[in-house]
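Residues per chain, in single letters:
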Amino acid sequence: MLTGCNAIASSLLESDMLYGDELDSYSLTPSSYDLIIRGNDAYALGNYDEAVDLYTQSIELDPTDSIGYLNRGLAYYQLGYFDVAIDNFNQAKEFDPDD
């Protein structure tokens, strides 16, 4: 069982507070990681267009992060854009050839 600051941090990370519309009302700039998490949430809900947009924003912040390309490729695949998906998979492989 987590206690103190760890428990608070854990509950915040698990809450929708960090990923919901509330985030847009603040002047915080989300990190690449935050955008990937939000993209994953959209993907899990079947909102593939939104996921592509969020992954693209993540890539713009960190153009060498293979996860953004991989996840965007998966979202494009779900949308039926197979050639674009393959391009994203290849880009991900370029930045992380061992994975």
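Placed above this text is the structure.
Quantities reported herein were computed from a predicted structural model and do not represent experimental measurements.

Rules of the game
- Residues numbered from 1 in each chain as written.
- Predicted model: local features only at pLDDT ≥ 70, side-chain atom pairs only at ≥ 80, totals over all residues.
- Heavy atoms only, no water.
- Core = buried A, V, L, I, M, F, W, Y, C linked by side-chain atoms within 4.5 Å.
- Buried < 20%, exposed > 50% of the residue type's maximum accessible area, 1.4 Å probe, protein only.
- Helix = DSSP H or I, 4+ residues; strand = E, 2+ residues; numbered from the N terminus.
- Contact = heavy atoms within 4.5 Å.
- Phe/Tyr/Trp six-rings, centres within 6.5 Å; stacked < 30°, edge-to-face > 60°.
- Patch = residues over 30% accessible without salt bridge, like charges linked within 9 Å, V, L, I, M, F, W, Y side chains within 5 Å.
- Areas by Shrake-Rupley, 256 points an atom, 1.4 Å probe, with all protein chains shown as cover.
- Salt bridge = Lys/Arg side-chain N within 4 Å of Asp/Glu carboxyl O.
- Axes fitted to C-alpha atoms, helices over the stretch in contact; angles between N-to-C directions.
- Parallel < 35°, antiparallel > 145°, perpendicular 65-115°, else oblique.
- Left-handed = near helix turned anticlockwise from the far one by under 90°.
- Polar contact = N/O pair within 3.5 Å; in protein donor to acceptor, adjacent residues only side chain to side chain.

A.B. asks: Can you lay out the nonpolar core for me, pointing to particular residues and giving the numbers?
C.D. replies: Grouped together as the largest cluster of nonpolar side chains are ten residues: Leu-35, Ile-36, Ala-42, Ala-51, Val-52, Leu-54, Tyr-55, Ala-75, Tyr-76 and Ala-85. Those elements that place two or more of their residues in this core are helix 2 (32-44), helix 3 (48-61) and helix 4 (66-79). With four residues, helix 3 is the single largest residue contributor to this core. Residue contacts for Ile-36: discarding those within four places in its chain leaves Tyr-55, Ser-58, Asp-65, Ile-67, Gly-68 and Asn-71.

A.B. asks: Give me the lowdown on the packing of aromatic side chains, citing residues and values where you can.
C.D. replies: The tally for this structure, following the rule as stated, stands at four aromatic pairs. Seen from their ring centres, Tyr-77 and Phe-82 are 5.1 Å apart, and the 65 degrees between their planes marks the pair as edge-to-face.

A.B. asks: Which residues make up a nonpolar patch on the surface, and what are the values?
C.D. replies: Taken together, Ile-67, Leu-70 and Leu-74 make up a surface patch of nonpolar side chains, about 210 Å² in accessible area. Tracing the backbone shows Leu-70 in helix 4.

A.B. asks: Account for the environment of Asn-88, naming residues and giving values.
C.D. replies: Relative to the elements of secondary structure, Asn-88 occurs in helix 5 (residues 82-95). Through-space distance from the C-alpha of Asn-88 to that of Tyr-77 is 9.9 Å; in sequence the pair is eleven residues apart. Leaving out residues up to four positions away in the same chain, Asn-88 has contacts with Tyr-69, Arg-72, Gly-73 and Tyr-76.

A.B. asks: Which residues make up the packing of helix 2 against helix 3, and what values go with them?
C.D. replies: In the contact formed by helix 2 and helix 3, the axes pass within 8 Å of each other and the chain directions differ by 170 degrees. In this view, helix 2 runs roughly antiparallel relative to helix 3, as classed from their interaxial angle. Handedness of the crossing formed by helix 2 with helix 3: left-handed. Counted together, Ser-32, Leu-35, Ile-36, Arg-38, Gly-39, Asn-40, Ala-42 and Tyr-43 of helix 2 and Tyr-48, Glu-50, Ala-51, Leu-54, Tyr-55, Gln-57, Ser-58 and Leu-61 of helix 3 form the full contact between these two elements.

A.B. asks: Before we move on, can you summarise the packing of helix 4 against helix 5 with the specific residues and values?
C.D. replies: Helix 5 packs onto helix 4 with a crossing angle of 165 degrees between their chain directions and a minimal axis gap of 8 Å. In terms of axis orientation, helix 4 runs roughly antiparallel to helix 5. As helix 4 runs across helix 5, the sense of the crossing is left-handed. Between helix 4 and helix 5, the contacting residues are Ser-66, Tyr-69, Leu-70, Arg-72, Gly-73, Leu-74, Tyr-76 and Tyr-77 on the first element and Phe-82, Val-84, Ala-85, Asn-88, Phe-89, Gln-91, Ala-92 and Phe-95 on the second.

A.B. asks: Before we move on, can you summarise the side chain of Ser-32 with the specific residues and values?
C.D. replies: Locating Ser-32 in the fold gives a position in helix 2. Classification of Ser-32 by relative accessible area gives buried; the value is 11%. Polar side-chain contacts of Ser-32 include one of 2.7 Å to the side chain of Ser-58. The residues touching Ser-32, leaving out its near neighbours within four places in the chain, are Ser-58, Leu-61, Asp-62 and Asp-65.

So, to be careful, I would describe these as geometric facts and stop short of saying anything about function.
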